[in-house]
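# Architecture at a glance
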Amino acid sequence: MTMQDTIPRAALSRRALLKGTGALVVGFHLAGPLGQALAQAGSAAAKPVTLDQVDTFLSIDGRGLVTIYSGKVDLGTGVQSALAQMIADELDVPDARVTVIQGDTALTPDQGPTYGSLSLQNGGVQIRQAAATARDALLTEAAKRLGVAKADLAVVDGAIGPRAGGPTVTYAELIGGRRFDLKLDPAAPTKKPADYKLVGRAMARRDVPDKILGRFTYMQDFRVPGMLHGRVVHPPALGARLEAVDEGSIKGIPGIVQVVRQGNFLGVVASNEWAAIRGARDLKTTWSKSETLPDQARLWEHVRATKVVKDDVTSNVGDAAAAMRGEGRKLAASYDFAIHTHGSIGPSCAIAEFKDGKLTSWSASQATHNLRKQLAQMLAMPQEAVHCLYVEGSGCYGRNGHEDAAADAALLARAVGRPVRVQWSRADEHGWDPKGPPTLIDLRANLDSSGGVAAWESEFFIPQGAAGNVALVAADLAGLPNATAIAPGGIHQNSAIPYKFPNVRTVCHRLETTPFKPSWIRTPGRMQNTYANECFLDELAAAAGIDPLEYRLKYLDPADTRGIEVLDRLAKLARWEKRPSPQKAGNGAVLKGRGITYCKYELVRTYVGAVAEVEVERATGVIRVTRFYVVHDCGQIINPDGVKAQIEGNVFQTVSRTLKEELTFDRGMVTSLDWGSYPILTFPEIPELVMELIDRPAEKPWGAGEPTAAVVPSAISNAVFDATGVRLRSVPYTPAKVKAALQSA
Amino acid sequence: MAISKSLDVNGRTVSIDIDDPDMPLLYALRDNLALHGPRFGCGLGQCGACTVHVDGVAMRSCIVPLSAVAPGQKIVTLEGLGTPEKPHPVQAAFIAEQAAQCGYCINGMVMESAAFLARTKGPSEADIKAALANNLCRCGTHAAILRAVKRAAAA
Ligand code: FES
Ligand code: FES
């Protein structure tokens, strides 16, 4: 991939997006009659977006250029490049000939939101099947034209010809610019692993040079003609009512166009961005007092006292209650994991434009099809009149504020009758993005006389709800129709455990409410739940006086050889020294230890094992994670560089969460509204990372965007226990907490 | 009343019209001059996303008021540091190491590193980490960034 390659691509998408209509995008790619027809029709309706059609996912133009239409979007993970790599390989065309259009409700299929480490596992595999169907049809057609048996044909760089040599026919000649009009065939043969040329190879990402040269257009850079700048003035407390606005207070600021008020939704629109910022900052407002939040110092009591609406029993083996009552050594512990924010470096941003009764919305939403429904609901418009386009923004690791900025922009644009760009401030993002909910977990076990686990019981106190549409801040404030259920994501996942104990019962108490509107932060639930499970298991191993790796291996299903291989390889990689924890505590000022942990993601996919090495400063309580080892099996690897980057990202982000992060709040509002009050990991604090990827080309490609985050907190907690003999059960492990724990030990 | 302000950006002298002499430099670069390199991250001088060079010194453009930019001071942004044809050695090293995930922080990482390497020869890993201690990245691209800065330092 040369740098030049990426420039026309970027220019193309910019122009296409500027136009705001899908037809233009297609018009650029399809030189043939179809392209012209589409361009003339001026409507994207000509291209199907249903999941059963090959044309939904793929087109090949008269020059042999391939366009993929992906409902899953690139959140800065490089998944776009990996998709192109996967499809280029399946079709046997050079990677540079493939363009990806993503997250455009008029052009791309609804493949579900981009979350859950499913982009390649589900989204990519679906598109690959479309490509396989297309390839098979093209081979059939080529066989007819060339008079050669299909089985004797091969594809090289988009040209089909006899394996033995002879005349060829290109994809462009066979289909160029026309539709396939084919149903996606779930049985169409995909390539055999041995035939892959691109998949499994490290390939440079196509977006990277532009990002490093300052030539990439993020959502935050995107502009449309005639656009104004908007800022929202959020209430000083959740639930506060807007009692008065003194519009005269910002009269003196040049460039102010309008103060927009709808219920408690308040915004300032201006001709330039700085005027909008000043206007929002200086506007005099009066709000009612509102205190809806619990006392942070008693958060866990509050969580424990919250009404349970239902119990989800996530596993039930044998009779755990009876086995708990039996003879043996009883252990119990409670773990908690603080409320966290997503923490994107670039606050959310969106643009909205109303024209002829239609809304066009540009945002970095991870779920443009769902956003479309939500905006239509809020504005009481038919869905067909709302067009949402994805423009890549700052990395987002779950449902953050993008959709909310899109709703803000829509309300402001409607009020002023001009396109409006809304850029959230740092405080907007830290204060108003939906949060990873507080998670409280009680665990109990009964050990038999040889230290074996006779019973395991766990209770997770987590909010009700699943993945879904998270209510829009603007709709709430303006009193407009909105999603009503809370949607924290699939946070019950990994509450059940991969270990074969004779008696197990794991139950999630689903709470009616949680202090802040929740959503899925990276690795939702799986991170918090695995943390508690893997720490408690470590407690049992320590109580039994058994090496924690050996203890895990003893209880893994012997038939689950991939999991066992991960742990075996991890032991070698980390030069695991077999002995029980804690180590004999030294008397030094700095104590060193190591901890091991394991996760099978959602108990059905990606395997990760990790070892953390830590140093604990006895006097200050500071923990340094010095080295972190990961062994990772996500099946077939599409791009090893991409997988490595995901693992690195998960480790650093989650070391940050584990050691430093905690939302703070008073009775009215979040008080951690910047990076000073919500610190994250900095360069001097990063561990050295050592990893080993297990590639299984014959297996399904599983997700890599989240699983490693699940193993980080427990690896650190277990290592600190190994070093100090003190068990940390409350994330984050801030120096103050660690110091207190060391002193009371 | 709009005031006219002259700036020297990426080797060109440009004149912009502004209403507020204390508008931060970041908005002049992004909005008046349509540059994409310097990024808005916090507006508080805490994250480094907005970093530019002013007379070769890495500065947080989100907290530099235009009134503090003296005539003739040379401002360089990520776009002006190097070009696709002739990337700056730090940019070339970042591309070679694929040191970007979302890339939103990368402007700051490149600009901070370029200014740092210009005044520090043969830095240790700890030196590099200290130099980047006030540049935040959420994607966890730190290891790749470190590799890139080391590569640039050795080039
Ligand atoms: S945007 Fe300037 S330091 Fe964050
Ligand atoms: S690469 Fe995304 S914030 Fe650094």
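Not measured: the values here are computed from a predicted model.

The next subject is the domain arrangement of chain B. Residue and element names in this part refer to chain B. If you check the domain split of chain B, you get domain 1 (3-79) and domain 2 (89-154). Averaged C-alpha coordinates put domain 1 and domain 2 at centres separated by 21 Å. Taken residue by residue, the interface counts 18 residues in domain 1 and 12 residues in domain 2. Summing both sides of the interface, domain 1 and domain 2 together bury roughly 1,200 Å²; the carbon and sulfur share of this comes to 52%. Its largest share of buried area at the contact with domain 2, domain 1 owes to R39, H53 and L78, together 39% of the area lost on that side. Joining domain 1 to domain 2, the criterion identifies 1 salt bridge. Linking domain 1 to domain 2 there are 9 residue pairs in polar contact (both at pLDDT 80 or more). Sorting the residues of the side of domain 1 that touches domain 2 by element identifies β3 (51-54) and β4 (57-60) as the ones contributing at least two each.

Of the residues lining the interface, 63 residues belong to chain A; the matching set on chain B comes to 52 residues. Where chain A abuts chain B, roughly 4,700 Å² becomes buried across the two surfaces, and 60% of that area is made up of carbon and sulfur atoms. The largest contributions to the chain A side of the interface with chain B come from A:I212, A:W274 and A:F683, which together make up 19% of the buried area. Linking chain A with chain B are 6 salt bridges. Here B:R147 makes a salt bridge to A:E648, at a shortest N to O gap of 3.3 Å. For the pair chain A and chain B, the interface holds 24 residue pairs in polar contact (both at pLDDT 80 or more). At the level of elements, α1 (3-19), α8 (208-213), α9 (273-282), β17 (420-423) and α19 (640-659) of chain A are the ones that each hand at least two residues to the side of chain A that touches chain B. Element by element, the count of residues in the side of chain A that touches chain B is highest for α19(A), at 8 residues. Grouping the constituent residues of the side of chain A that touches chain B by class yields 26 nonpolar, 21 polar and 16 charged.

Turning our attention to the environment of A:E459. Residue and element names in this part refer to chain A. Relative to the assigned elements, E459 resides in strand β19 (residues 453-463). A sequence separation of 16 residues divides E459 from L443, and the C-alpha atoms of the two residues are 6.5 Å apart. Of the polar contacts made by the side chain of E459, one reaches the side chain of R444; its length is 2.9 Å. At 2.7 Å, the side chain of E459 forms a polar contact with the side chain of H509.

Thresholds, definitions, all that
Residues numbered from 1 in each chain as written. Chains lettered and ligands numbered in written order. Predicted model: local features only at pLDDT ≥ 70, side-chain atom pairs only at ≥ 80, totals over all residues. Heavy atoms only, no water. Domains from an automatic or database assignment. Contact = heavy atoms within 4.5 Å. Buried area = accessible area lost by both parts, 1.4 Å probe. Salt bridge = Lys/Arg side-chain N within 4 Å of Asp/Glu carboxyl O. Polar contact = N/O pair within 3.5 Å; in protein donor to acceptor, adjacent residues only side chain to side chain. Helix = DSSP H or I, 4+ residues; strand = E, 2+ residues; numbered from the N terminus. Nonpolar A, V, L, I, M, F, W, Y, C, P; charged D, E, K, R; others polar.

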